[in-house]
Each structure stands twice: as structure tokens, then as C-alpha cells.
Amino acid sequence: MNRTLFDIPLLNEKLEKQFLSLEKNSGRENSWKNFSQLGFPSVKHEEWRFTPIESSLKKIQKINSETTVALPAETEKIISSFEPIDAHKIILVNGIPVSISNEIESEISVLTLKDAKEKFSETISSYYGKYLNSEKESFSALNSALADNGIFIRFEKNYEAQKPIHIISVHDNREEGIYSTSRILIVTEEGANAQIVETHISTSDKFSLQNAACEILLKQNARLNYHLVQHFSLKHKSEASVIDTRQIVLEKDSFCNFTTVSLSGHLVRNNLNMLFNSQNGEGHLYGLYLPSKNELMDNHSLVDHAVANCFSNEFYKGIMTENGRGVFNGKIMVRKDAQKTNAYQNNRNLLLSDEANINAKPQLEIFADDVKCSHGATSGQLDDEAMFYLRTRGIGESEAKKLLTLAFAEDVLVQTKHEGLHEQIDKWIEEKLSF
């Protein structure tokens, strides 16, 4: 008997039923086999030690498979409020594409994965699932086994961004216990310069869990600025949760700036992996997470320097309030042939209550000798001297706390190159941090 069925039989009966209903191919069948052998991770797995997932899995009641969804008026209003983020909109509901802007430049191809398999069959067969670790990662294997559609984005050679693409991912949790799968493949061709914004919101306060996976390929001399924002409690406290896995692959002379801002969510697990696949790549990973009451936000990253002469910089900050819990587990891997690597990692955390908690584990694994690498993590409270200075200038305690906290976050937010998005995030943080 496989370990998965033994652990949570009712859930796995639903998952297997969904798997059997889908059109079979070798990739899907191998992924299901891998998932069946791996089982779901538990706190006994080192990578999940601080993120108990079992209680969330047991809440799943329905595997989402709907293809048409009418959004509630309140959610439509939220989407309309994103207008300051001037961009081409793509709307997903529980991972299913429901709307794609018809004003996207001709140099950008945006299709459902089903359509892309026909129009870009060679590209899909070359890159879909190639770098996602479905052999060792349970949720990646399950995603590849159950993903039936999604979004494919391709930026043509030498494309120069006019507007960002804005992926709005709506987690429709009006029914209790919805499980959904989301899949995105992005190919940035040689010399292209692209921008993407991705925002996650939910429709109610009920529990849901999405298993999301996104593969991003940057070909030679390509540039990509990507901003991911997760804010499930935008209008109401929500138990919407997500396991989000990203695989970024950089080819020769390419550049990627990836910023993750996690503002709310019952359980948010971000697995962000960056692979340097050819020389002279440059990658920057920035993160900001703000868990508050009964929220857990876990950021796991792997920066894999597989080749020589590449540069990476990782900078994450956490602000924990009430009994919010944060996890940062970042690993830099420098392989034997990756000489002349420059890699830096820094994690800083601010604890604003006695009940708040952070578990930080920065890691270096270096197998080359001609490298420059550093890492570190700190945690603490607001600076008493800075608070005293502001108070002596006539600023009230609550306002002083807010100013210092926003200043702490700004080191990450300044990396948000889109002005409208930066202003929107600032507003959301101020709304959440009420002292």
C-alpha cells in the first residue's frame, strides 16, 4: 500500500478519482506514480519541519474541476480596483483561465496551456515540466499529475515591455474545503525585456488550498522583472492557503528580478528555485512577508549555481504581528564547476509581539573554491532609540511604530519597479499594520 493512501485515505480517494478522469499521457502518469511513492510531507521531513500541512490537507472536501465560474460582485470590484496597476490582465479562477486581455502586444503570446500545446507544441514539449522537480517534491508531482490547463506566456525575441502582464489569480473559496491546481509556463526569448505582476486574492473567509506551479525560462540576454503579491484577506479574514512552487532557469547573460510580497493567507508556502544554467546570469530574489493572527508564511528558496561566473542576491524581510509565524529557509548551492560565483543571502525579521515567531535557516553548500558567498539572518524588535527620537519630535507612539515598520519594509518594496503596484502595496501594508 502506498504511503499517501495510508496517511489520508479520504483525500487520496478524491485525488485519485480526479486523476483517473483526466486524459492520460506519460508525463501525467509518471507524476502520479511519483506522488504515490512520495506521499505528503510531514513535520518529520526536514524541509517541512516548521510547516505542518496535515491539518490543512484534512480540511479538503472537494477537488475543483469547474471550467466556468461567475465571480461575486465584490471580487469583480476588487479586480476593478487594480486599475492603477496599468497592465494587460489575465484572470484565473482556481487556476482556470477565464479572461485574457485582447489588447496584448503582438510580440507576446498568451494562451491557455491546452491551446499552446497545439500552436507551440515544440516549445511546450521542450520546457513544460522539464525543470520542475516531480521526482522528489510531493506537491510538484501532484501538480503535474492533476494540472489539466493553465496559462502559457511567451515573449518574442528582442521584445521590449510596453506594459506588464498582470495575472490575477482568484481563489474561489465560497465553498468550504476547495482544492485547486494552477499551472503557468513562461518563456522569455533571446533579448526580450519583460514585466509580470501576479496578484492572489480570495472570495470568502472559508478554507481552500491551491497547489500552484510556475516554470520560467529566460533565454540568452533576456530580462524579466516579476512581482508576486499574495493577499487573501484583502477584504475579509480568509483561510485561503497556497503551496506555490516556482522554478526559474537563467540561460547565458540573462537577468531576473523576482519579488515576493506575502501580505495575508492562512498558510502560505513559497518554494522559489533559481537555476543558473549558463554563464554570466544575474538573479535577484526579494521577499517581504507579514503573518498576523493565526497565519503561517513559509519561504523556502534554492539558488543553484550550476555553472561559473554568475551572480545572485537574495534579500528577505519578515514582519510578524500577534501570533503570526514566519519561516525562512534559504539555500545557496555552488557546484564544483561554478567558479567565480558571487552569491549573497540576507534575512531580517521584525517581531512586533511576544507571541510572534520566526524560524530562520540560511544555508550555504559550496563545492568550488574560487567564490564569494555570504549569508546571515537576524531577528529583533523596533529600535528603542529610533522610537525615542520620533516621540521627542511630537510623533505619537502608534504613528512612530508605523513609520519605523514601513521604513523596515521599504528596502524590499523599492525593488517593485512598477510605480502603481508599489503604491498599492504600501496602502495594503498600512491597512494591515494598525497599531
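Small disclaimer: the values here were computed from a predicted structure and weren't measured.

(A) Inspection of the pattern of salt bridges at higher detail. For the structure shown, the criterion picks out 25 salt bridges. The salt bridge partner of aspartate 244 is arginine 246, with a shortest N-O separation of 2.7 Å. Aspartate 244 sits in the buried class, given a relative accessible area of 1%. The salt bridge involving arginine 269 is made with aspartate 298; its shortest N-O contact spans 2.8 Å. One end of the pair, arginine 269, is in strand β13 (residues 267-276); the other, aspartate 298, is in strand β15 (residues 296-305), with 29 residues separating them in the sequence.

(B) Local environment of the sheet that holds strand β2 (residues 88-93). Reading across from one edge, β3-β2-β6-β8-β10-β12-β14-β16-β18-β20 is the order of the 10 strands in this open sheet, with mixed pairing throughout. One side of each edge strand has no neighbouring strand; the edge strands of this open sheet are β3 (96-100) and β20 (371-380). Between one strand and the next, the sheet's axes are offset by a mean angle of 10 degrees, whatever the strand orientation. With 10 bridges connecting them, strand β16 (residues 311-320) and strand β18 (residues 341-351) associate as parallel partners. Pairing of phenylalanine 311 across the sheet is with asparagine 342, part of β18.

(C) Highlighting the environment of alanine 386. Mapped onto the elements of the fold, alanine 386 is located in helix α9 (residues 384-392). In the structure, alanine 386 is positioned 85 residues away from serine 301 in sequence and 32 Å away in space, judged by C-alpha atoms.

(D) Geometry of empty space enclosed by the protein. Summed over the entire model, instances satisfying the criterion amount to five cavities of 30 Å³ or more. Computed from the structure, the largest cavity encloses a volume of approximately 60 Å³. Lining the largest cavity are Tyr127, Tyr131, Leu185, Glu215, Ile216, Leu217, Gln247 and Val249. Put simply, the parts of the chain that give the lining of the largest cavity at least two residues each are β9 (208-218) and β11 (240-250).

(E) Representation of the nonpolar core in the model. Formed by 48 residues in total, the largest nonpolar core has its most connected members in Ile153, Phe155 and Ile165. Setting aside its immediate chain neighbours within four residues, isoleucine 165 contacts Ala87, His88, Ile90, Ile104, Ile108, Val110, Ile153, Phe155, Gln195, Ile196 and Val197. Grouped together as the second largest cluster of nonpolar side chains are 36 residues, Val229, Val261, Tyr286 and Ile319 included.

(F) Region of the structure containing the pairing of strand β12 (residues 255-264). Buried residues dominate β12, accounting for 10 of its 10 residues. In this sheet, β12 lies alongside strand β10 (residues 223-231) in parallel orientation, the contact comprising nine bridges. Bridge pairing in β12 links valine 229 to valine 261.

(G) Focus on the layout of surface pockets. Taken as a whole, the largest pocket encloses approximately 880 Å³ of empty space. In this structure, the largest pocket is lined by 31 residues; those nearest its centre are Asn133, Lys136, Glu137, Asn273 and Leu302. A total of five residues in the lining of the largest pocket trace back to one element, the largest contributor, which is β13. Of the residues contributing to the lining of the largest pocket, the split by class is 10 nonpolar, 13 polar and eight charged. Approximately 600 Å³ is the volume attributed to the second largest pocket. Forming the boundary of the second largest pocket are 24 residues, of which Asn25, Gly27, Arg28, Tyr128 and Ser144 lie nearest the centre. Looking at the lining of the second largest pocket, the elements with two or more residues in it are α3 (26-38), α6 (113-119) and α7 (121-127). When its residues are assigned to classes, the lining of the second largest pocket shows four nonpolar, 11 polar and nine charged.

(H) Summary view of unusual backbone geometry. Not every positive phi belongs to a glycine, and asparagine 158 is a case in point at roughly 65 degrees. Tracing the chain through its elements places asparagine 158 in the loop between β5 (151-155) and β6 (165-171). Taking the relative accessible area as the measure of exposure, asparagine 158 reaches 52% and is therefore exposed. Look at asparagine 221: it is not a glycine, yet its phi comes out positive at around 60 degrees. Position of asparagine 221 among the secondary structure elements: in the loop between β9 and β10.

(I) Region of interest: the environment of phenylalanine 82. In this fold, phenylalanine 82 is placed in the loop between α5 (73-80) and β2. On the accessibility criterion, phenylalanine 82 (0% relative accessible area) is buried. For phenylalanine 82 and glutamate 189, which are 107 residues apart along the polypeptide, the C-alpha to C-alpha distance reads 28 Å. Sequence-distant contacts of phenylalanine 82, that is, excluding residues within four places in its chain, are made with His166, Ile168, Thr199, Ile201, Gln424 and Trp428.

(J) Fine view of the packing of aromatic side chains. Going through the model one piece at a time under the given rule, you end up with 11 aromatic pairs. For the pair tryptophan 48 and phenylalanine 139, a centre-to-centre distance of 5.6 Å together with 40 degrees between the ring planes defines the contact as tilted. Of this pair, tryptophan 48 sits in the loop between α3 and α4 (54-57) while phenylalanine 139 is found in helix α8 (residues 138-146), placing the two residues 91 residues apart along the sequence. Like tryptophan 48, the residue phenylalanine 139 is buried in the burial classification. Put simply, the rings of Phe19, Trp32, Phe35, Phe40, Trp48 and Phe139 pair up and form one aromatic cluster.

(K) Geometry of the confidence of the model for the chain. Taken residue by residue, the chain gives an average pLDDT of 92. The fraction at 70 or more is 97%. Counting interchain partners and residues more than four positions distant, the pLDDT-below-50 stretch residues 1-6 has 15 contacts.

(L) Structural context of the packing of helix α10 (residues 397-413) against helix α11 (residues 419-432). Orientation of α10 relative to α11, taken along the N-to-C sense of each, is 145 degrees, at an axis distance of 11 Å. Every pair of crossing elements has a handedness; the one defined by α10 and α11 is right-handed. Where α10 approaches α11, its residues Lys402, Leu406, Glu410 and Leu413 are matched on the opposing element by His422, Ile425, Asp426, Ile429 and Glu430. Counted by class, the contact of α10 with α11 contains four nonpolar, one polar and four charged residues.

Thresholds applied
Residues numbered from 1 in each chain as written. Predicted model: local features only at pLDDT ≥ 70, side-chain atom pairs only at ≥ 80, totals over all residues. Heavy atoms only, no water. Salt bridge = Lys/Arg side-chain N within 4 Å of Asp/Glu carboxyl O. Buried < 20%, exposed > 50% of the residue type's maximum accessible area, 1.4 Å probe, protein only. Helix = DSSP H or I, 4+ residues; strand = E, 2+ residues; numbered from the N terminus. Pairing = 2+ DSSP bridges. Axes fitted to C-alpha atoms, helices over the stretch in contact; angles between N-to-C directions. 1 Å grid on protein atoms, 1.4 Å probe; cavity = no way out; pocket = protein on both sides within 12 Å on 5 of 7 lines; lining within 4 Å. Points joined across faces, edges and corners; volume = space filled by probe spheres on them. Core = buried A, V, L, I, M, F, W, Y, C linked by side-chain atoms within 4.5 Å. Contact = heavy atoms within 4.5 Å. Nonpolar A, V, L, I, M, F, W, Y, C, P; charged D, E, K, R; others polar. Phe/Tyr/Trp six-rings, centres within 6.5 Å; stacked < 30°, edge-to-face > 60°. pLDDT = per-residue confidence, 0-100. Left-handed = near helix turned anticlockwise from the far one by under 90°.

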